[in-house]
Amino acid sequence: MQKMKIGIIGTGAIGGTIAKKMAAAGHLVKVYNTAEFDTLKERARQLGATPSTLNDIAKDVDVLILSIPVAAIPKLPKTLFAGIPEHVIVVDTSNYYPFRDGEIEELKKGMVESVWVAGQIGRPVIKAFNNLLAASLEHGGKPGNADDRIAMAISGDDQKAKETISRLINDAGFDAVDVGSLAESWRHQPGTPAYCTELNAAALKQALSDGVKENAPGIRDIAISTFMELPSQPSHEETVKLNRSLFSKNPKDFK
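Here the structure is a predicted model, which is why all the values come from computation and not from measurement.

Another aspect to go through is the overall build of the chain. A count of helices and strands for the chain gives 11 helices and eight strands. Computed over its C-alpha atoms, the radius of gyration of the chain comes to 17 Å, within 12% of the 18 Å expected for a compact globule of 255 residues. C-alpha extents for the chain along the principal axes are approximately 45 × 45 × 40 Å. Expressed as a percentage of the 255 residues in the chain, the buried residues total 51%. A separation of at least 24 residues holds for 70% of the contacts in the chain among residues at least 6 apart in sequence. Of the roughly 12,200 Å² of accessible surface on the chain, a fraction of 51% belongs to carbon and sulfur atoms. Computing the positive centroid from 30 side-chain charges and the negative centroid from 31, the chain places the two 2 Å apart.

One pass over the structure, following the stated rule, counts 11 salt bridges. Residue Asp-148 is joined to Lys-142 by a salt bridge in which the shortest nitrogen-to-oxygen separation is 2.7 Å. For Arg-149, the salt bridge is made with Asp-175, and the minimal N-O distance between the two is 3.0 Å. Taken as a pair, Arg-149 in the loop between α7 (134-139) and β7 (151-155) and Asp-175 in strand β8 (residues 175-180) lie far apart in primary sequence, 26 residues in all. Look at Asp-175 and you get partly exposed, because its relative accessible area is 25%. Connected through salt bridges with shared partners, the residues Asp-92, Glu-113 and Lys-127 form a single ionic network.

Any aromatic ring pair is given by two values, namely how distant the centres are and how the planes are angled relative to each other. The tally for this structure, following the rule as stated, stands at one aromatic pair. Relative to Phe-99, the ring of Tyr-97 has its centre 5.9 Å away and its plane inclined at 65 degrees; by these criteria the two rings are edge-to-face. Residue Tyr-97 is classed as buried on the basis of its relative accessible area of 14%. On the basis of relative accessible area, Phe-99 is assigned to the exposed category, the value being 54%.

Turning next to the side chain of Arg-123. By the element assignment, Arg-123 lies in the loop between α6 (113-121) and β6 (126-127). Within the buried core, Arg-123 has no salt-bridge partner, and the shortest N-O distance to an opposite charge, that of Glu-86, equals 7.2 Å. Reaching out from Arg-123, the side chain makes a polar contact with the backbone oxygen of Ile-84 at a distance of 2.9 Å. A polar contact of 2.8 Å, which involves the side chain of Arg-123, links it to the backbone oxygen of Val-88.

One can find Met-4 in the segment before β1 (5-9). Not counting chain neighbours up to four residues away, the residues in contact with Met-4 comprise His-27, Leu-28, Asp-62, Val-63, Thr-164 and Leu-168.

Before going further, it helps to examine helix α2 (residues 37-47). When we look at burial in α2, the residues that qualify are Leu-40, Ala-44 and Leu-47. Taken end-on, α2 shows its buried residues confined to a sector of 60 degrees, consistent with a single buried face. In α2, the exposed residues that point more than 90 degrees away from the buried face are Asp-38 and Arg-45. Residues of α2 that are buried sit in contact with α1 (13-24), β2 (28-32) and β3 (50-51). Positive backbone phi, approximately 80 degrees, marks Gly-48, located one or two places after α2.

For the rest of this paragraph, the subject is the pairing of strand β5 (residues 89-92). Here β5 shows a buried face lined by Ile-89 and Val-91 and a second buried face lined by Val-90 and Asp-92. Pairing analysis gives four bridges linking strand β4 (residues 63-66) to β5, with the strands arranged parallel. Across the sheet, residue Val-63 finds its bridge partner in β5, namely Ile-89.

In this section: the pairing of β2. With respect to burial, β2 is a largely interior element, four of its five residues being buried. Here β1 runs beside β2; their pairing, made up of five bridges, is parallel. Along β2, the bridge assignment pairs Ile-6 with Val-29. For the handedness criterion, the β-α-β arrangement of β1, α1 and β2 is classed as right-handed. Taken together, the two bridges between β2 and β3 define a ladder with parallel strand orientation. For Lys-30, the partnering residue across the bridge sits in β3 and is Thr-50. Handedness of the β-α-β unit built from β2, α2 and β3 comes out right-handed.

So, how was this worked out
Each chain carries its own residue numbering, running from 1 in the direction its sequence is written. Only residues with pLDDT of 70 or above have their local features reported here, since the model is predicted, and side-chain atom pairs are shown and tallied only from 80 upward, although totals for entire chains, interfaces and linings are computed over all residues. Remark: hydrogens and water are excluded; side-chain values derive from all non-hydrogen atoms of the structure. Helix and strand definitions here come from DSSP, where helices need a minimum of 4 consecutive H or I residues and strands a minimum of 2 consecutive E residues; each element is numbered from the N-terminal end. The atom set for the radius of gyration is the C-alpha atoms, and the globule formula is 2.2 Å times the number of residues raised to the power 0.38. Type-normalised accessible area, obtained with a 1.4 Å probe on protein chains alone, sets the label of each residue: buried when under 20%, exposed when over 50%, and partly exposed for intermediate values. The contact definition used throughout considers only heavy atoms, calling two residues in contact when any of these lie within 4.5 Å. We get accessible surface area from the Shrake-Rupley algorithm with a probe of 1.4 Å; when it comes to residues, only the shown protein chains can shield them. A residue counts as positive if it is Lys or Arg and as negative if it is Asp or Glu; His and the chain ends are not included. Taken as the charge location is NZ of Lys, CZ of Arg, CG of Asp or CD of Glu. By definition, a salt bridge exists where a carboxyl oxygen of Asp or Glu is found within 4 Å of a side-chain nitrogen of Lys or Arg. Each Phe, Tyr or Trp ring (for Trp, its six-membered ring) is paired with any other whose centre lies within 6.5 Å, and the angle between the two planes then decides the class: stacked below 30 degrees, edge-to-face above 60, tilted in between. We define a polar contact as two N or O atoms separated by no more than 3.5 Å, with the added condition that, inside protein, one atom must be a possible hydrogen donor and the other a possible acceptor, whereas residues neighbouring each other in sequence contribute only through side-chain atom pairs. By construction, the arc corresponds to the directions joining the helix axis to the C-beta atoms. For two strands to be treated as a pair, DSSP must find at least two bridges joining them. Handedness of a crossover is defined as follows: orient the strands so they point away from the viewer, and if the path from the first strand over the helix to the second runs clockwise, the crossover is right-handed.

As structure tokens, this is what we get:
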């Protein structure tokens, strides 16, 4: 794949890992976070990326990735998106958690999270990089010829844009599973069988099909309560197992 110019807003567990993987794959990556610029410079160095200001993060890029909490989306300046050329693909990696993001009325009433994000920024988005645990994203990638590769869901209304982001997903070491339109991205939101259950492509497709939109918020909240009640921080394997245990039919262990 040809080198792409990628801007990433947010360098936490997900955004930082995406930046590191994209830089390692040979793409030109610049990053922004809200830390002081000297701190950002050090973080960028660790990731193999270039530090950027918020004003410049969306300039001269092919892809702009938003990897910040849902509550921070409306706080982004509207001018940031107003000047972005139409060909620039905007990717939303966020997941809504009321205990962290507060009550957002539209989402509480069932609006699909990334549909809401697109409305907030006034731009179409592709939903990707959201349905894997940070540890899965960092350590679970495998070469394209591996037969037990973990799969990642992707949704959006622009097929060409999804194909481009699917290639980036492949560069990160994962198979991409096209879920369909952005309206269908609820299928890989928190509380669904496809969310953070670490599946291969065949199992992920089944899990995506088995999701029930109306049940997802309740299952999401049960998962959070369960994790908070644990006496100690669960291991990655324990976290995946607990997430899978929330669903009777799926997800299936692909081993």
